[in-house]
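Observations on the model geometry
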Amino acid sequence: MRAEIESLAQDIRRSVALLKRHLNWDEALMRLDELNAASENPELWNDAARAQQIMRERTDLDTAIQGCRASERELADLIELIELGEIEGDQTVIDDAESQVRALKDRARKMELETLLSGEADRNDCYIEINAGAGGTESQDWAEMLLRMYTRWAEQHGYKVDWLEESPGEQAGIKSATVRVAGHNAYGWLKTESGVHRLVRISPYDSAARRHTSFSSVWVYPVIDETIDIQVNESDCRIDTYRASGAGGQHVNKTDSAVRITHVPTGIVAACQMERSQHQNRARAWEMLRARLYEAELQKREAAAQALEDQKTEIGWGHQIRSYVLQPYQMVKDLRTNVETSDTQGVLDGDLDLFMAASLASRVQGGPDGG
């Protein structure tokens with residue numbers, strides 16, 4: 001067997017071993033038995049909140065345990081297949097099995113990282129808020145490109161994307177937008193995307209075809225559920241209504257149905273215009289405000305995180321996390337992990353796993369994560 005495949009097999013075994021160690025394997029097996037027994041108890045649903053918590057823990061633990069077992073089985077089968085192919089001199093079988101080993105290595109690494117998502121809200125859905133920086137049309141176009149990039153990433157991973165709010169640019173692009181990404185571990189994967197994203201390119205809006213640098217900010221915060229208690233005093237909030245605008249054409253209401261809630265003590269704002277009625281938009285906006293206040297609290301807890309006020313500074317050179325250079329060469333580079341790729345189009349089409357995995361791994365290695 002080739003050295004490359006031997007090395008990949010070792011990587012897969014290492015990922016599975018780390019997973020098992022993180023799970024406390026023997027204890028995890030016993031705990032799963034307990035949870036299975038609890039889930040079969042007809043009295044469990046007398047307490048709906050506790051039942052949901054138990055079923056969620058059971059699903060997560062079962063997924064992790066079955067993932068370990070499946071990876072070990074698949075690796076053993078593929079190695080056996082490669083050895084058989086070598087004995088019989090069947091290069092097609094060898095090539096196919098080796099390709100599957102490479103894919104298994106990527107899946108095992110992702111599974112290892114997902115198991116390490118241990119923050120209080122990592123498994124939750126999340127909101128992505130994008131704001132264009134200074135620079136008018138150029139930055140607003142970049143903000144829309146980022147929105148498309150994250151939408152593509154979410155769809156590729158089977159997540160559902162709901163559009164909540166959008167403020168269109170004067171000529172093109174968007175000034176701001178907020179979407180909700182729904183699916184298991186959505187916040188855990190996307191949380192490291194918060195920060196300023198920088199684009200360098202020949203501007204399609206510049207008749208002189210000069211190179212422009214644009215900035216847009218991304219802020220990811222979790223949807224909070226019944227297990228997280230956040231109290232908001234309504235007297236601390238200002239509620240404004242306005243006419244919905246943006247994408248949708250005939251779907252945009254002609255009445256003042258959009259709702260914006262400002263939490264005066266912190267300056268945090270939540271807005272929603274996707275629903276038909278003002279009542280529904282108001283409910284959504286309250287939900288988003290609670291989520292943003294929770295995220296602000298998480299930031300205070302994390303020593304390594306920036307303070308909430310840092311999120312309000314000018315969108316520019318400070319707080320950059322990633323550069324997307326399209327001219328004079330092609331490169332996307334993460335400034336925190338130094339991971340880079342020349343496949344700029346792939347990244348803009350949603351191929352972000354390389355960056356997310358590296359950021360997540362560095363945070364895990366750096367110590368417990370507050371969110």
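Residues numbered from 1 in each chain as written. Predicted model: local features only at pLDDT ≥ 70, side-chain atom pairs only at ≥ 80, totals over all residues. Heavy atoms only, no water.

What follows covers the overall build of the protein. Assigned secondary structure in the protein consists of nine helices and 11 strands. Out of the 371 residues in the protein, the part that is buried amounts to 46%. A separation threshold of at least 6 residues defines the contact pool for the protein, and within that pool the share at least 24 residues apart is 65%. Of the roughly 18,600 Å² of accessible surface on the protein, 47% is carried by carbon and sulfur atoms. (Helix = DSSP H or I, 4+ residues; strand = E, 2+ residues; numbered from the N terminus. Buried < 20%, exposed > 50% of the residue type's maximum accessible area, 1.4 Å probe, protein only. Contact = heavy atoms within 4.5 Å. Areas by Shrake-Rupley, 256 points an atom, 1.4 Å probe, with all protein chains shown as cover.)

On to the pairing of strand β3 (residues 174–182). Among the nine residues in β3, eight count as buried, and that is most of the element. Pairing analysis gives six bridges linking strand β1 (residues 126–132) to β3, with the strands arranged antiparallel. Within β3, the residue paired with Tyr127 across the bridge is Arg180. Bridge count for strand β2 (residues 160–168) against β3 is eight bridges, and the pairing is antiparallel. Among the inter-strand pairings, Lys160 is bridged to a residue of β3, identified as Ala182. Counted along the chain from β2 to the antiparallel partner β3, the turn is five residues long, and its residue Gly173 has a positive phi close to 70°. (Pairing = 2+ DSSP bridges.)

Across a sheet, paired strands are connected by hydrogen bonds in the backbone, their directions being either parallel or antiparallel. Strand order in the open sheet formed by eight strands is β2-β3-β1-β5-β4-β9-β10-β11, and the pairing between neighbours is mixed. The strands lining the two open edges of the sheet, one partner per strand, are β2 and β11 (340–341). Along the sheet, helix α5 (residues 137–156) makes contact with β1, β2, β3, β4 (195–202), β5 (211–222) and β9 (320–325), crossing β5 at roughly 45°. (Axes fitted to C-alpha atoms, helices over the stretch in contact; angles between N-to-C directions.)

Time to look at the nonpolar core. Formed by 61 residues in total, the largest nonpolar core has its most connected members in Ile128, Tyr150, Val181, Leu190 and Tyr324. Here this core spans two domains, since at least three of its residues come from each of domain 2 (126–226 + 318–366) and domain 3 (234–307). Dropping the residues within four chain positions of it, Tyr324 is found in contact with Trp142, Leu146, Met149, His197, Arg198, Leu199, Val200, Met331, Val332, Val347 and Leu348. Core analysis: the second largest hydrophobic core is formed by 15 residues, Leu32, Ile54, Ala64 and Ile65 among them. (Core = buried A, V, L, I, M, F, W, Y, C linked by side-chain atoms within 4.5 Å. Domains from an automatic or database assignment.)

The terminal C-alpha atoms of helix α1 (residues 3–23), which comprises 21 residues, lie 30 Å apart, in line with the 30 Å expected from a rise of 1.5 Å per residue. What α1 keeps buried is the set Ile5, Leu8, Ala9, Asp11, Ile12, Ser15, Val16, Leu19 and Leu23. Projected down its long axis, α1 shows its buried positions confined to an angular sector of 155°, all on one face. The exposed set on the far side of α1, more than 90 degrees from its buried face, consists of Ala3 and Arg21. (Expected span 1.5 Å × (residues − 1). Arc of directions from axis to C-beta.)

The strand order across the open sheet built from three strands is β6-β7-β8, with neighbouring strands paired in antiparallel fashion. Only two strands of the sheet have a single partner each, and these edge strands are β6 (237–242) and β8 (268–272). Taken pair by pair, the neighbouring strands of this sheet meet at an average axis angle of 15°, ignoring direction. Bridging between β6 and strand β7 (residues 258–263) involves six bridges; their strand directions are antiparallel. Note that in β7 the partner of Ile239 across the bridge is Ile261.

Here we take up the pattern of salt bridges. If you walk through the whole model with that rule in mind, you get 26 salt bridges. The salt bridge partner of Asp125 is Arg180, with a shortest N-O separation of 3.2 Å. Separated by 55 residues along the polypeptide, Asp125 in the loop between α4 (91–115) and β1 and Arg180 in strand β3 bring together distant segments of the chain. A relative accessible area of 16% means that Arg180 is categorised as buried. (Salt bridge = Lys/Arg side-chain N within 4 Å of Asp/Glu carboxyl O.)

Turning next to the confidence of the model for the protein. Here the protein shows a mean pLDDT of 85. Residues at 70 or above account for 87%. Low pLDDT (under 50) marks residues 247–253, which in the prediction has 11 contacts with non-local residues, meaning those over four places away or in another chain. Predicted confidence is poor over residues 303–309, with pLDDT under 50, and the contacts of this stretch with residues over four places away or in other chains come to 10 contacts. (pLDDT = per-residue confidence, 0-100.)

For the rest of this paragraph, the subject is the UniProt feature "coiled-coil region" (unreviewed entry) in the protein. As recorded in UniProt, the feature "coiled-coil region" (unreviewed entry) lies at residues 87–114. Annotated as 93% helix and 0% strand, the span residues 87–114 places its first and last C-alpha atoms 38 Å apart. (UniProt positions renumbered as here; feature names shortened; annotations may be inferred.)

Taken together, the side chains of Glu6, Asp77, Glu80, Glu83 and Glu86 present a region of like negative charge at the surface. The element that contributes the greatest number of residues to the negative patch is helix α3 (residues 48–88), accounting for four residues. Mapped onto the elements, Glu80 comes out in helix α3. On the basis of relative accessibility, which here comes to 49%, the residue Glu80 falls in the partly exposed class. (Patch = residues over 30% accessible without salt bridge, like charges linked within 9 Å, V, L, I, M, F, W, Y side chains within 5 Å. Lys, Arg positive; Asp, Glu negative; His and termini not counted. Charge placed at Lys NZ, Arg CZ, Asp CG, Glu CD.)

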